[in-house]
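In case you want the letters, here they are:
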Amino acid sequence: MRHSLTWGLFAVTACACASPTFSGRLDPGFGPRSDGADSSLIVASSGQVINDCSPLVSTSGERLAVGSATVFTPGRRVLLVQSQEAVGQTLLTIAGTIVDPAHAGRFELARVSSIGTGELMLEEPPAIPFGGGPGRTAQVCTIPEYTRVAVLGSASLVAMPWNGATGGLVAFLAEELVLDGGVLANGLGFRGGDTVAF
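Predicted, not measured: the structure shown is a model, and the values here were computed from it.

## Section: the overall build of the protein
Along its length, the protein carries 0 helices and 16 strands. Long-range pairs, those at least 24 residues apart, make up 75% of the contacts in the protein between residues at least 6 apart in sequence. If you sum the accessible surface of the protein, you get close to 9,800 Å²; carbon and sulfur atoms cover 54% of it.

Pasting the structure below:
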């Protein structure tokens, strides 16, 4: 089935669960427009990866401590994602005790102003304190900005598999998207929680 939009953010995330789940977000008019720095992209084969990610260790104002800064470029946008977080207040439910997920699943677009060894400086500080640690995993990913993306019939964009610190997402900004093929992250994210029948 063909889908198209005039501009927006396209993001797909998933978990590597026993029953793969998929959540995609196609937001025409969401957030900033693509600056077109990556020109156009025609995806003609399956399994193409467009995002590079690094573990996001901590934030302090505009400064991000990252596992590696080598894939990032000053002046370009990045996507900050709090992939996992099990901190804070313990909640009681019918199924038992769970931990408040706090900022898990939150994401934010930012622009890199400069790069140092193991750190990125952003133009503005993020709205929440992204980071890793016990029960927490965050990542910062490149976010390509295209004028036009065309994913042909049997072709696909895919997420890098979750490696315990990064992966499990596909994200880009585009002025125009023509989607005849797939944008996939099914089974490529971190393992989901146990299910409980009620």
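## As for the nonpolar core
Ranked by internal contacts, the top residues of the largest apolar core, which has 16 residues, are Leu41, Ile50, Val149, Val151, Leu157 and Phe172. Those elements that provide at least two residues to this core are strand 4 (40-43), strand 13 (145-151) and strand 15 (169-179). Take this core: its biggest share by element is 5 residues, from strand 15. Apart from residues no more than four positions distant in its own chain, Val151 is found in contact with Val43, Ser156, Leu157, Val178, Leu179, Asp180, Gly181 and Gly182. If you look at the next biggest cluster of nonpolar residues, it comprises 15 residues, including Leu64, Val78, Leu120 and Ile128.

## Observations concerning the environment of Gly105
The topology assignment puts Gly105 in the loop between strand 9 (96-99) and strand 10 (107-116). A relative accessible area of 52% places Gly105 in the exposed class. Between the alpha carbons of Gly105 and Val81 there is a distance of 6.8 Å; along the sequence they are 24 residues apart.

## Brief notes about the state of the cysteines
This model, assessed by the stated rule, comprises 1 disulfide. Two residues, Cys53 and Cys141, share a disulfide whose sulfurs are 2.1 Å apart. Judged by the sign of its S-S torsion, about 110°, the cystine formed by Cys53 and Cys141 is right-handed. Residue Cys53 is found in strand 5 (residues 53-60), and its partner Cys141 is found in strand 12 (residues 136-142); the two are separated by 88 residues along the sequence.

## So, the side chain of Glu145
Considering the arrangement of structural elements, one finds Glu145 in strand 13. Separated by 2.6 Å, the side chains of Glu145 and Arg77 make a polar contact. When near neighbours in sequence (up to four residues on either side) are disregarded, Glu145 contacts Arg33, Ser34, Asp35, Gly36, Ala37, Asp38, Ser39, Arg76, Arg77, Arg111 and Leu173.

About the cut-offs
Residues numbered from 1 in each chain as written. Predicted model: local features only at pLDDT ≥ 70, side-chain atom pairs only at ≥ 80, totals over all residues. Heavy atoms only, no water. Helix = DSSP H or I, 4+ residues; strand = E, 2+ residues; numbered from the N terminus. Contact = heavy atoms within 4.5 Å. Areas by Shrake-Rupley, 256 points an atom, 1.4 Å probe, with all protein chains shown as cover. Core = buried A, V, L, I, M, F, W, Y, C linked by side-chain atoms within 4.5 Å. Buried < 20%, exposed > 50% of the residue type's maximum accessible area, 1.4 Å probe, protein only. Disulfide = S-S within 2.5 Å. Polar contact = N/O pair within 3.5 Å; in protein donor to acceptor, adjacent residues only side chain to side chain.

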